[in-house]
Each structure stands twice: as structure tokens, then as C-alpha cells.
Amino acid sequence: MRDIVFDKMLCHAFVFGNRKNYLQFFLQSSIIVKMSLNDLFYYIASFIAVVAVLTMHEFAHAFAAYKCGDPTPKWNRRLTLNPLRHFDVTGLICFTLVGFGWAKPVPINPNNFNHYRRGLAITASAGVIVNYIFAFLWYPIFCAILFYALPNVDSQYGASFLYFLFYLPFAYSLSFCVFNLLPLNPLDGFRIVEACSKRRGKVYRFLYKYGHWILLFLIVESFICRIFTEYLGAGVIGTQGVTVMGYLDILGWFMTFATKIFGHPITALWGLIPW
């Protein structure tokens, strides 16, 4: 069973970072919500959030490349906010269900850039920059909903869906920004390093050749650890086993740490507002 509570003091604690896992606390308080229906609302809101985050990310790449002199994204009909032009079905499902996913890469031809290296750097970093800006602008909207709208919603199901609908775009946008900064081919972080450095040493060649395999291993390993820690429970493998699997989640640990660091300026700044 999952619970929801609306307490303005506890909401205030979330904004100032006094709660490490406010989402978990929010869903374990005093108004009971059936898990099955609550999960359904979560996945619906998750899908909507993924659509918004991935579309903006890929459009940012296409727009930056076009402005830097490369018409390839426009020729391939990627210079659009139509989500259907950007979706990779497998990546969309993975992102919705497990929190890690991808979209179809935007085709570019760096030889068309007005300034090759600068155009490559701007295009590679455009997606993560837009995701971070969106997270920054969306967070106060989420806070306003959390403080003023949710306490007035009578239905616990409606409150649950409303919370997920406004929290997940912020969380996914921030996590997708951090995830794409990993210097592993084919992520944006690798492209940024490639654009900013002329050196093509052993490390570069290794990450270029094996980066996607490393990334795949980290995603699968993280997914398996999450199955043990979140779904199997103590009744199957014991509390100690669940705890150990949580410690082995390499990508999960990195994402939690890095997202907290990147998100702190956003929560700290908007936390200055006396909600």
C-alpha cells in the first residue's frame, strides 16, 4: 500500500532539501492509495514526461545544428517538436519503465558547420542545456502545484496523478541531462569531449569503441539491482541481500549523486521563495 499526505511544512522541507527522499515520504504518509492504480497513474505521467523531455532534447540538437549551418536535420524532418519524429520505440519504453532510455539520434554533417569544432560543441551540448533550463523553469511550477493545488484535491487518486504529472518532468529532465553528460559513446558527453579536445589517444579510442557496451552493461546492471531492491523484497531474498544489491547499483549511485549536485542550484534558488 502507498500513502499520500498534504502537509505544507513537509512540502517546505522538500524545497529546502531537508528530506533526502521526499517522493518516497510523500507516498508513505496518511491517505491510502491502492498500489495498482497508483502505479498506473505513475506510468501514465511517466510516459507524458518522457515524451516532453526526449522531444525537447532532440529538437535542441537539430535546431543547434541547423543554426550552425548544417541543413541535414531539416532535410531529415527532425527540425520539429513533433514527438513521433524523434522516438525510438525501445528507448521510449525503457525510459518510461526503468528510467533510462534514448531517442533516435539526430543526423548531422559536421562538415556543413560554419565553424567545425565550435558547431560540433554547440550541437552536442544543446540537448543537455535545454534539459537543464527546462528543469529550472519547471521546478517552481511543480512547487506551486505541490503547495497550493494538491492540498485542495479531494481524490487521493487525482492527487497522486497530479503529483507525478508535475514532478516527473522535472526529475526526468534533470536526470536525462546528467545521464547524457557521461563521456561514453554515443552520449552527448562523449561528443562534447570530442569537440573540445583534438587528442585521440588510447582513452578516446577505448571509449569510442567500447562506450556503448559499457553503457549497456551499466543500464542492465542497474535494472537488475532495482528489481532486487524495489520489487522482490525481503520476503524473497532477505533484507540483507536486498541491501547489498542496492550498493552494487553503480549507475544508480552515480545518477543519485550527480543529480543531487546538479539539482541543488535549482532547488536552492527557488527555495528562497517563501512558499
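Just above, that's the structure.
Residues numbered from 1 in each chain as written. Predicted model: local features only at pLDDT ≥ 70, side-chain atom pairs only at ≥ 80, totals over all residues. Heavy atoms only, no water.

As a further point, take the overall build of the chain. Counting its regular elements, the chain contains 12 helices and 2 strands. Shown N-terminal to C-terminal, the secondary structure of the chain runs as helices and strands in the order β-α-α-β-α-α-α-α-α-α-α-α-α-α. Looking at the chain residue by residue over its 275 residues, the buried ones come to 45%. Relative to all contacts within the chain whose residues are 6 or more apart in sequence, the contacts with residues 24 or more apart total 72%. When the accessible surface of the chain is totalled, it reaches about 14,800 Å², and 68% of it is carbon and sulfur. (Helix = DSSP H or I, 4+ residues; strand = E, 2+ residues; numbered from the N terminus. Buried < 20%, exposed > 50% of the residue type's maximum accessible area, 1.4 Å probe, protein only. Contact = heavy atoms within 4.5 Å. Areas by Shrake-Rupley, 256 points an atom, 1.4 Å probe, with all protein chains shown as cover.)

For the rest of this paragraph, the subject is a nonpolar patch on the surface. A cluster of nonpolar side chains, namely Phe206, Tyr210, Trp213, Leu216, Val220, Phe223 and Ile224, defines an oily patch on the protein surface of about 680 Å² accessible area. Given the relative accessible area of 40%, Val220 is considered partly exposed. (Patch = residues over 30% accessible without salt bridge, like charges linked within 9 Å, V, L, I, M, F, W, Y side chains within 5 Å. Salt bridge = Lys/Arg side-chain N within 4 Å of Asp/Glu carboxyl O.)

This next bit is on the side chain of Glu221. Mapped onto the secondary structure, Glu221 falls in helix 9 (residues 202–232). Setting aside its immediate chain neighbours within four residues, Glu221 contacts Leu248, Asp249, Ile250 and Leu251.

At a minimum axis distance of 10 Å, the contact between helix 6 (residues 116–149) and helix 12 (residues 250–270) shows a crossing angle of 30°. Taken together, the axes of helix 6 and helix 12 are roughly parallel relative to one another. Of the two elements, helix 6 crosses helix 12, and the hand of that crossing is right-handed. Along the contact surface, helix 6 presents Tyr132, Ala135, Phe136, Tyr139 and Pro140, while helix 12 presents Phe262, Pro265, Ile266, Thr267, Leu269 and Trp270. In terms of residue class, the contact of helix 6 with helix 12 is built from 10 nonpolar, 1 polar and no charged. (Axes fitted to C-alpha atoms, helices over the stretch in contact; angles between N-to-C directions. Parallel < 35°, antiparallel > 145°, perpendicular 65-115°, else oblique. Left-handed = near helix turned anticlockwise from the far one by under 90°. Nonpolar A, V, L, I, M, F, W, Y, C, P; charged D, E, K, R; others polar.)

Once that is clear, we can look at the environment of Cys225. By the element assignment, Cys225 lies in helix 9. Residues Cys225 and Gly252, spaced 27 residues apart in sequence, show a C-alpha to C-alpha distance of 8.9 Å.

Estimated volume of the second largest pocket: approximately 840 Å³. Residues that form the lining of the second largest pocket fall into these classes: 18 nonpolar, 6 polar and 6 charged. (1 Å grid on protein atoms, 1.4 Å probe; cavity = no way out; pocket = protein on both sides within 12 Å on 5 of 7 lines; lining within 4 Å. Points joined across faces, edges and corners; volume = space filled by probe spheres on them.)

Where helix 7 (residues 156–180) meets helix 12, the axes come as close as 9 Å, and the angle between the chain directions of the two elements is 115°. It follows from the interaxial angle that helix 7 and helix 12 lie roughly perpendicular. As helix 7 runs across helix 12, the sense of the crossing is right-handed. Contacts from Phe170, Leu174, Ser175, Val178 and Phe179 of helix 7 reach helix 12 at Leu251, Phe254, Met255, Ala258, Thr259, Phe262, Gly263 and Ile266.

Moving on, we come to the environment of Leu37. Among the secondary structure elements, Leu37 is positioned in helix 3 (residues 35–67). Owing to a relative accessible area of 27%, Leu37 belongs among the partly exposed residues under this scheme. Considered as a pair, Leu37 and Phe161 are 124 residues apart in the sequence and their alpha carbons are 9.8 Å apart.

As a further point, take the packing of aromatic side chains. Counted by the stated rule, this structure contains 21 aromatic pairs. With 6.5 Å between their ring centres and 75° between their planes, Tyr132 and Phe262 make a pair best called edge-to-face. Residue Tyr132 is located in helix 6, and its partner Phe262 is located in helix 12; the two are separated by 130 residues in the primary sequence. Classification of Phe262 as partly exposed rests on a relative accessible area of 32%. For the ring pair Phe136 and Trp270, a centre distance of 5.3 Å and an interplane angle of 45° mean the geometry is tilted. Remark: Trp270 occurs in helix 12 and Phe136 occurs in helix 6; sequence separation between them is 134 residues. Taking relative accessible area as the criterion, Phe136 reaches 26% and is therefore assigned partly exposed. Feature note: the residues Tyr42, Tyr43, Tyr139, Phe142, Tyr163, Phe164, Tyr167 and Phe170 constitute an aromatic cluster, connected by ring pairs. (Phe/Tyr/Trp six-rings, centres within 6.5 Å; stacked < 30°, edge-to-face > 60°.)

Moving on to the pattern of salt bridges. Counted according to the given criterion, the structure contains 2 salt bridges. Glu58 is the salt-bridge partner of Arg78, the closest N and O atoms lying 4.0 Å from each other. Placement of Arg78 in the loop between helix 4 (72–75) and helix 5 (89–98) and of Glu58 in helix 3 is noted, with a sequence separation of 20 residues between them. With a relative accessible area of 5%, Arg78 lands in the buried category.

Moving on, we come to unusual backbone geometry. Cis geometry marks the peptide bond from Asn185 to Pro186, where omega comes out at 15°. Within the secondary structure layout, Pro186 lies in the loop between helix 7 and helix 8 (188–196). One non-glycine residue, Arg77, lies in the positive phi region at around 60°. On the secondary structure map, Arg77 appears in the loop between helix 4 and helix 5.

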